[in-house]
Amino acid sequence: MCKSGEVSFKQNADDVPVRVSVVISVLAWLALLPLISLELELELELDSMAMQRAQDGSCLHALVFVYSLCWVCSVGFVVGQTGQLSVDASSQNARKIPDKMFGIFFEEINHAGAGGLWAELVSNRGFEAGGPNTPSNIDPWVIIGNESSIIVGTDRTSCFERNPVALRMEVLCGSKGTDACPSGGVGVYNPGYWGMNIERRKVYKVTLHIRSSDAVSLSVSLTSSDGLRKLASHTITGSKKQFAKWTKIEFHLKSSQNNTNSRLQLTTSRSGVIWLDQVSVMPFDTYMGHGFRKDLASMLANLKPQFLKFPGGNYAMGNYLRNAFQWSETVGSWEERPGHFNDVWGYWTDDGLGFFEFLQLAEDLGASPVWVVNDGASQNEEVSTATIASLVKDVVDGIEFARGGPNTTWGSVRAAMGHPEPFKLDYVSIGNQECWMLYYRGNYQKFYSAIKAAYPGINVISSCDKSTISPSNPADLYDVHVYASSSDMFSRTSMFDNTPRSGPKAIVSEYAVTGDDAGKGTLVAALAEAAFLVGLEKNSDVVEMASCAPLFVNDNDRRWSPDAIVFNSWQNYGCPNYWMLHFFKDSSGAMLHPSSVQISNYDQLVASAITWQSSQDKSSHLKIKVVNFGSKAVDLNISVSGLENGIKSSGSKKTVLTSSGALDENSFQQPQKVSELVVQNQM
């Protein structure tokens, strides 16, 4: 089924071209391999005359990616044809792709952060989710024991000014006699976010605040979901005097067993009244030691993102302003953070993943932070330009928190949190596609002027399109969101072809295939997005940055589909578009080479070519990506010209992204049904 093609590497005019015969034809392999990525590696040994710059022994590799999609499920196999892909790999005709071209966009949706990337295991740890009025709902906390042995409620006696609600347990039973507590005691338990994943020999840091009217003997345990099997336990004891005032208790628990559906249990058999507040269980082993769930953060790092846009779009705005993300409420000690109701996506967040943590995550990933600020608008409200000044000042204060010295007002708060050096915040996005709203443009100009006056180096991103930007309404970048069906997304490969080449560039901060063929993340959706990204590469003179959306989904709370990464308390997998993004992770800062495709009467194939340099050994690589979105098999001949002298073939590497059908998806049962498969070959 696979025919021999030919890659032609043309040298300088005085040299004889070197041709290497390889199997590279783009084929629709019936129902077996709908999407194929073929990566060919050809080592170019550079002689001393041609490559003085390669004295360190670096070499150039040609890496060819070939994608093929088969629509056999609906139209059957179509006889193929021959095409020609020509690449000019000369340095003089190359153009640099922006250094921050491809990144990631995080939104607190689908429990992406709370119960996801942020590793905190306790849900509603401060008992604030039920609202400020008491007694209140303590969900998901559950009472252990009946009302004859314990009465549990909330009151406003906490020692934390911004978190006044505390849990009150009145224990009516005792350790012996006719009113003895049931075996194991009474109290409360917290199941976390659909069960806590507790791992054998792993250490967990437990923190809680406690006050009591009497002496204390409180058992703190990690148990199975039914409470019958203890994985780890510690007993807090003390006299009435010791706990007469609020006292912070910290200790470590080391689990003796694995359990993916565990809970935290707090029980006692001693009568009296105990108050609890700010109860936390954090895995000791987190990504870079900064509180991020290690497996999920590592999946982000593997994409080599060059920027991190946060904290979201609608999440930053809120359905109502009272529930918008307020950065200053999410910094400082976690016990002092009031948390807020994420009214757009319908759940409470304790804001453990706050402004500081987003900046820290960007730094840990080697990515530039892009902060989305509330522009005075929610889904249902809008602040007028006449009264926007306080919100403008709040944003400038937030920039000072990130960038200010340790002796500044807000920089000192950051320093007290353990980061005396400023974060490198260079991008601020004003709002989330509210250009159509009445006061947006007036409010935007207020934000722009104040930010530039205080921090002229900040890049300010507008929610209005390029046509509205002018000297009187300036912007450094403008934000674009693209949500479309797979066929429409493929057609948008040329979306920026006719964009004026002068003026501010675009940040395509949200793009995704949606609709029937998107499912929960299908192969065909990933392919359409790949074609769109190829178009962005080729238009990277007018597009500065791009990221998909949404990034994460907790499988227990799917508010939006598709998403790039799916997880639960203990598992994860990448959807096809996550694996597709790996083919673009070397594009940022690379050199884009002219390429052209010639195929008669067929417009379903797009391609791009880049040269990138390995950060490990400084070797250079030529990578060609080809996306075939149609139903025809294409025998593609690839011709590469403009390379340096001394080409020597040394081997090949084929990367395959494949499955049995265009609508196939990954799952916990088949996490790699559609994923990268690398096969090494020799030439």
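Bear in mind that the values here come from a model prediction, so they are computed numbers and not experimental data.

Thresholds applied
- Residues numbered from 1 in each chain as written.
- Predicted model: local features only at pLDDT ≥ 70, side-chain atom pairs only at ≥ 80, totals over all residues.
- Heavy atoms only, no water.
- Helix = DSSP H or I, 4+ residues; strand = E, 2+ residues; numbered from the N terminus.
- Contact = heavy atoms within 4.5 Å.
- Axes fitted to C-alpha atoms, helices over the stretch in contact; angles between N-to-C directions.
- Parallel < 35°, antiparallel > 145°, perpendicular 65-115°, else oblique.
- Left-handed = near helix turned anticlockwise from the far one by under 90°.
- Salt bridge = Lys/Arg side-chain N within 4 Å of Asp/Glu carboxyl O.
- Buried < 20%, exposed > 50% of the residue type's maximum accessible area, 1.4 Å probe, protein only.
- 1 Å grid on protein atoms, 1.4 Å probe; cavity = no way out; pocket = protein on both sides within 12 Å on 5 of 7 lines; lining within 4 Å.
- Points joined across faces, edges and corners; volume = space filled by probe spheres on them.
- Nonpolar A, V, L, I, M, F, W, Y, C, P; charged D, E, K, R; others polar.
- Pairing = 2+ DSSP bridges.
- Expected span 1.5 Å × (residues − 1).
- Arc of directions from axis to C-beta.
- Polar contact = N/O pair within 3.5 Å; in protein donor to acceptor, adjacent residues only side chain to side chain.
- Disulfide = S-S within 2.5 Å.

Visitor: Is there a simple way to explain the overall build of the protein chain in this structure?
Guide: Across its full length, the protein chain carries nine helices and 37 strands. Within the protein chain, contacts between residues separated by at least 24 positions form 75% of all contacts whose residues are at least 6 apart in sequence.

Visitor: Before we go on, may I ask you to explain the packing of helix 3 (residues 355-365) against helix 4 (residues 389-403) in this structure?
Guide: Each pair of packed helices can be described by the angle between their axes along with the distance between the axes. Where helix 3 contacts helix 4, the two axes come as close as 11 Å, and the packing angle between them is 45 degrees. Judged by the angle between their axes, helix 3 and helix 4 are oblique. Every pair of crossing elements has a handedness; the one defined by helix 3 and helix 4 is right-handed. Residues F355, F356 and L359 of helix 3 touch helix 4, and the partners they reach there are G398, F401 and A402.

Visitor: Sorry, what's going on with the pattern of salt bridges here?
Guide: Side chains that differ in charge, positive against negative, can pair when their charged atoms come close. All chains considered together, the criterion is met by 25 salt bridges. Residue E250 is joined to K205 by a salt bridge in which the shortest nitrogen-to-oxygen separation is 3.4 Å. Of this pair, E250 sits in strand 16 (residues 247-254) while K205 is found in strand 13 (residues 203-212), placing the two residues 45 residues apart along the sequence. Look at E250 and you get partly exposed, because its relative accessible area is 45%. With a closest N to O distance of 3.0 Å, D586 and K623 form a salt bridge.

Visitor: Explanation requested: empty space enclosed by the protein in the structure shown.
Guide: Take a probe with the size of a water molecule and roll it over the atoms, and the empty space left behind shows itself. Under the definition given, this model contains four cavities of 30 Å³ or more. Roughly 130 Å³ of volume is contained in the largest cavity. Taken together, 15 residues make up the lining of the largest cavity; nearest its centre are F102, G103, L303, P305 and L581. A breakdown of the residues in the lining of the largest cavity according to their chemical character gives nine nonpolar, four polar and two charged. Its volume calculated, the second largest cavity comes out at about 70 Å³.

Visitor: It is not clear to me how the sheet that holds strand 9 (residues 150-155) should be interpreted in this structure. Could you clarify?
Guide: Backbone hydrogen bonds hold the strands of a sheet together, and the pairing may be parallel or antiparallel. Sheet architecture is open: five strands sit in the order 9-10-18-13-16, paired in antiparallel fashion. Each of the sheet's edge strands pairs with one partner strand only, and the pair in question is strand 9 and strand 16. Averaged over all adjacent pairs, the angle separating strand axes in this sheet is 30 degrees, with direction ignored. With eight bridges joining them, strand 13 and strand 16 adopt antiparallel strand pairing. Bridging across to strand 16, L208 finds its partner in I249.

Visitor: Looking at this model, I keep getting lost on helix 6 (residues 440-454). Mind explaining?
Guide: Counted at 1.5 Å a residue, the expected span for helix 6 with its 15 residues is 21 Å, and the 21 Å between its end C-alpha atoms agrees. Residues Y440, N443, Y444, F447, Y448, I451 and K452 constitute the buried set of helix 6. One side of helix 6 carries all its buried residues, which in axial view fall inside an arc of 155 degrees.

Visitor: Sorry if this is basic, but what is going on with the sheet that holds strand 29 (residues 565-567) here?
Guide: Strand order in the open sheet formed by three strands is 28-29-30, with mixed pairing between adjacent strands. With partners counted over all chains shown, the strands left at the sheet margins are strand 28 (552-554) and strand 30 (572-574), one partner each. Across the sheet, the mean angle from the axis of one strand to that of its neighbour is 20 degrees, orientation sign disregarded. Sitting on the sheet, helix 1 (residues 294-301) is in contact with strand 28, strand 29 and strand 30, with an inclination near 15 degrees to strand 30.

Visitor: For this particular structure, what's the right way to read the side chain of N666?
Guide: Its location among the elements puts N666 in the loop between strand 36 (652-658) and strand 37 (675-681). For N666, a relative accessible area of 4% gives the class buried. Polar contacts involving the side chain of N666 include one to the main-chain amide nitrogen of K673, which spans 3.1 Å. Once you skip the residues sitting within four places of it in the chain, N666 turns out to touch G521, Y573, G574, C575, P576, W579, P671, Q672, K673 and V674.

Visitor: What is the right way to look at the environment of S485 in this model?
Guide: Inspection of the secondary structure assignment puts S485 in the loop between strand 25 (477-484) and helix 7 (486-491). For the pair S485 and D516, spaced 31 residues apart in the sequence, the C-alpha separation amounts to 7.9 Å.

Visitor: Sorry if this is basic, but what is going on with the pairing of strand 14 (residues 216-224) here?
Guide: Across the nine residues that make up strand 14, a large majority, eight, are buried. Two strands pair when backbone bridges link them, and strand 14 and strand 15 (residues 230-238) are joined in this way by eight bridges, in the antiparallel orientation. Across the sheet, L218 pairs through a bridge with I236, a residue of strand 15. Here strand 14 folds back onto strand 15 in antiparallel fashion, the turn holding five residues, of which G227 has a positive phi close to 80 degrees. Here strand 14 pairs with strand 17 (residues 259-268) via six bridges, running antiparallel. Within strand 17, the residue paired with S221 across the bridge is Q265.

Visitor: How should I be thinking about the environment of Q84 in this particular structure?
Guide: Structurally, Q84 can be placed in strand 5 (residues 78-88). When near neighbours in sequence (up to four residues on either side) are disregarded, Q84 contacts S596, V597, Q598, I599, L636, N637, I638 and S639. Among the polar contacts listed, one links the side chain of Q84 to the backbone oxygen of N637, at a separation of 3.4 Å.

Visitor: Explain the packing of helix 4 against helix 6 to me, please; I cannot follow it from the model alone.
Guide: In the contact formed by helix 4 and helix 6, the axes pass within 10 Å of each other and the chain directions differ by 35 degrees. In terms of crossing hand, the pair formed by helix 4 and helix 6 is right-handed. Between helix 4 and helix 6, the residues in contact are L391, V392, V395, V396 and I399 and K446, F447, A450, I451 and A454, respectively. Considering only residue class, the contact of helix 4 with helix 6 consists of nine nonpolar, no polar and one charged.

Visitor: Quick question: what am I supposed to make of the state of the cysteines here?
Guide: Any covalent bond linking the sulfur atoms of two cysteines counts as a disulfide. If you walk through the whole model with that rule in mind, you get two disulfides. One disulfide bridge connects C435 with C464, the sulfur atoms lying 2.0 Å from each other. Measuring the twist about the S-S bond at about 95 degrees, one finds the C435-C464 disulfide to be right-handed. With C435 in the loop between strand 23 (427-430) and helix 6 and C464 in the loop between strand 24 (459-462) and strand 25, this residue pair connects regions lying 29 residues apart in the sequence. With a relative accessible area of 16%, C435 lands in the buried category.

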